[in-house]
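Coordinates in review
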Amino acid sequence: MKIIVAGGDGFCGWPTALYLSKQGHEVSIIDNYVRRKIDNELHSNSLTPIASLEERVAKWKDLTGKQINLYEGDLTHYDFLKEVLKQELPDAFVHFAEQRSAPYSMIDREHAVYTQENNVTGTLNVLFGIKEIVPDC
């Protein structure tokens with residue numbers, strides 16, 4: 001199967017992409033790397049360093065010979081999403097690309113609006129994109 005994992009740079013997305021790839025599926029990742037930007041904004045980071053997604057994908061290929069395709073972009077940009085769907089024609093779409101932090105969304109109005117736009121508009125775009133481009137996904 002061809003599978004897209006949105007939010008593949010994240011805590012859930014990355015291991016899911018690895019698992020699916022290990023099972024023999026053709027995996028592509030979409031991510032806008034906003035989690036890393038939010039962590040920088042909040043002066044928060046992991047206790048252990050997290051390599052870039054590009055470095056991890058390259059290491060995966062070195063270790064397994066399996067390719068994971070990367071698409072840097074935002075699900076709120078419908079034209080971008082449609083192009084990825086047209087290129088990949090996925091059988092399945094795994095969506096982990098929502099802003100995860102309730103405290104972040106409560107910082108102020110701008111953070112709350114960003115969270116709603118990202119989570120709601122991004123998800124709506126995925127649903128409409130699948131309906132329009134790959135309805136059997």
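A brief structural summary. Residue indices follow the written sequence of each chain, beginning from 1 at its first position. Where totals are concerned, whole chains, interfaces and linings use all residues; where local detail is concerned, this predicted model gives features only for residues with pLDDT of at least 70, and gives and counts side-chain atom pairs only at 80 or more. Water and hydrogen atoms were dropped before computing side-chain values, which therefore reflect all heavy atoms in the structure.

1. A closer look at the packing of aromatic side chains
Ring geometry is summarised as follows: Phe, Tyr and Trp rings, the Trp one being its six-membered ring, pair when their centres sit within 6.5 Å, and such pairs are stacked at plane angles under 30 degrees, edge-to-face over 60 and tilted between the two. Tallying each qualifying case throughout the model produces 0 aromatic pairs. Any Lys NZ or Arg CZ found within 6 Å of a ring centre and within 35 degrees of that ring's normal is scored as a charge over the ring. Positioned above the aromatic ring of W14 is the side chain of R56, whose terminal nitrogen or guanidinium carbon lies 4.8 Å from the ring centre.

2. Observations regarding the side chain of E88
Note that E88 resides in helix α4 (residues 78-88). Polar contacts involving the side chain of E88 include one to the side chain of Y71, which spans 2.4 Å. Contacts are residue-level and defined by heavy atoms, with any inter-residue pair within 4.5 Å sufficient. Setting aside anything within four residues of it in sequence, one finds E88 in contact with K2, I4, S28, N69 and Y71. Runs of E in the DSSP output that reach at least two residues are strands. Runs of H or I that reach at least four are helices, and both are numbered from the N terminus. Polar contact is the term for a pair of N or O atoms within 3.5 Å; when the atoms are in protein, one must be able to donate a hydrogen and the other to accept it, and sequence-neighboring residues count only if both atoms are side-chain atoms.

3. What about the pattern of salt bridges?
Side chains that differ in sign of charge can pair as their charged atoms come close. The rule for a salt bridge is simple: a side-chain nitrogen of Lys or Arg has to be within 4 Å of a carboxyl oxygen of Asp or Glu. In this structure the tally under the stated criterion is 6 salt bridges. A salt bridge links D9 to R56, with the nearest nitrogen and oxygen atoms 2.2 Å apart. Of this pair, D9 sits in the loop between β1 (2-6) and α1 (13-22) while R56 sits in helix α3 (residues 53-64), and the two are 47 residues apart along the sequence. Each member of the pair D9 and R56 is classed as buried. Where E83 meets K86, a salt bridge forms, and the shortest distance between an N and an O atom there is 3.7 Å. Separated by 3 residues within a single helix, E83 and K86 lie in helix α4, roughly one turn from each other. Burial here depends on accessible area, computed with a 1.4 Å probe over protein chains only, as a share of the maximum for the residue type. Under 20% is buried, over 50% is exposed, and the range in between is partly exposed. Here E83 falls in the partly exposed class, since its relative accessible area comes to 40%.

4. Here's the deal with the pairing of strand β2 (residues 26-31)
With 5 of its 6 residues buried, β2 lies for the most part within the structure. Here β1 runs beside β2; their pairing, made up of 5 bridges, is parallel. The residue bridging I3 from the neighbouring strand is V27, located in β2. If the strands point away from the viewer and the path from the first strand over the helix to the second runs clockwise, then the crossover is right-handed. One crossover worth recording links β1 to the parallel β2 by way of α1, and it is right-handed. DSSP-based pairing: two strands are paired if at least 2 bridges between them are found. Across 5 bridges, the pairing between β2 and strand β3 (residues 68-72) is parallel.

5. Thoughts on the sheet that holds β2
Taken together, the 4 strands give an open sheet; going across it, the order is β3-β2-β1-β4, and neighbouring strands pair in parallel fashion. Looking at the sheet topology across the chains shown, the edges are occupied by β3 and β4 (92-95). Strand-to-strand, the axes of this sheet are offset by a mean angle of 20°, without reference to chain direction. Note on geometry: axes are lines fitted to C-alpha atoms, helical ones only across the stretch in contact, with angles between N-to-C directions running from 0 to 180 degrees. Along the sheet, α1 contacts β1, β2, β3 and β4; its crossing angle with β2, the most-contacted strand, is approximately 165°. Across the sheet, α3 lies against β2 and β3, angled at about 170° from β3, the strand it touches most.

6. Details of the environment of W60
Mapping W60 onto the fold places it in helix α3. The spatial distance from the C-alpha of W60 to the C-alpha of S21 is 9.5 Å, given a sequence separation of 39 residues. Those residues in contact with W60, other than ones at most four positions away along the chain, are L18, S21, K22, G65, K66 and I68. Among the polar contacts listed, one links the side chain of W60 to the side chain of S21, at a separation of 2.9 Å.

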